[in-house]
Amino acid sequence: NIDLLNKRFIVFEIDSIKENRELFPVVTIIIMETFLAKMRRLQGVRKVLLLEEAWKAIAKDGMASYVKYLCAPVQAA
């Protein structure tokens, strides 16, 4: 059990599972949801999402849309 929401710096190294058709998508979704949860929970705190060596992943339509969503300015309600 790891409380990812309270960790200041998290690195996900997924090279070893990138070819696994069952595991890779699940782990990717968990990473995306963890980042979104941190963004929502830590309002007013600067956050950084670093996608290193992820050109294949962000070149896909779904991931590109996700990154655009993350970079969009927050609209006041």
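Below, the structure is looked at part by part.

1. Considering the environment of Val-67
Its location among the elements puts Val-67 in helix α3 (residues 61–71). Along the sequence, Val-67 and Leu-49 sit 18 residues apart, while their C-alpha atoms lie 9.3 Å from each other.

2. Here's the deal with the nonpolar core
Formed by Phe-35, Leu-36, Met-63, Tyr-66 and Leu-70, the largest nonpolar core amounts to five residues. Breaking this core down by element, the ones donating at least two residues are α1 (23–41) and α3. Sorting elements by how many residues they give to this core places α3 first, with three residues. When sequence neighbours within four positions are dropped, the list of residues in contact with Leu-36 reads Tyr-66, Tyr-69 and Leu-70.

3. Section: the side chain of Thr-34
With respect to the helices, strands and loops of the structure, Thr-34 is situated in helix α1. Apart from the residues within four sequence positions on either side, Thr-34 is in contact with Leu-4 and Leu-5.

4. Brief notes about the packing of α1 against α3
The N-to-C vectors of α1 and α3 enclose an angle of 10°; their axes lie 12 Å apart at closest approach. In terms of orientation, α1 lies roughly parallel with respect to α3. For the pair α1 and α3, contact is made by Met-32, Phe-35, Leu-36, Met-39 and Arg-40 and by Tyr-66, Tyr-69 and Leu-70, respectively. Residues belonging to the contact of α1 with α3 are distributed by class as follows: seven nonpolar, no polar and one charged.

What counts as what
- Residues numbered from 1 in each chain as written.
- Predicted model: local features only at pLDDT ≥ 70, side-chain atom pairs only at ≥ 80, totals over all residues.
- Heavy atoms only, no water.
- Helix = DSSP H or I, 4+ residues; strand = E, 2+ residues; numbered from the N terminus.
- Core = buried A, V, L, I, M, F, W, Y, C linked by side-chain atoms within 4.5 Å.
- Buried < 20%, exposed > 50% of the residue type's maximum accessible area, 1.4 Å probe, protein only.
- Contact = heavy atoms within 4.5 Å.
- Axes fitted to C-alpha atoms, helices over the stretch in contact; angles between N-to-C directions.
- Parallel < 35°, antiparallel > 145°, perpendicular 65-115°, else oblique.
- Nonpolar A, V, L, I, M, F, W, Y, C, P; charged D, E, K, R; others polar.

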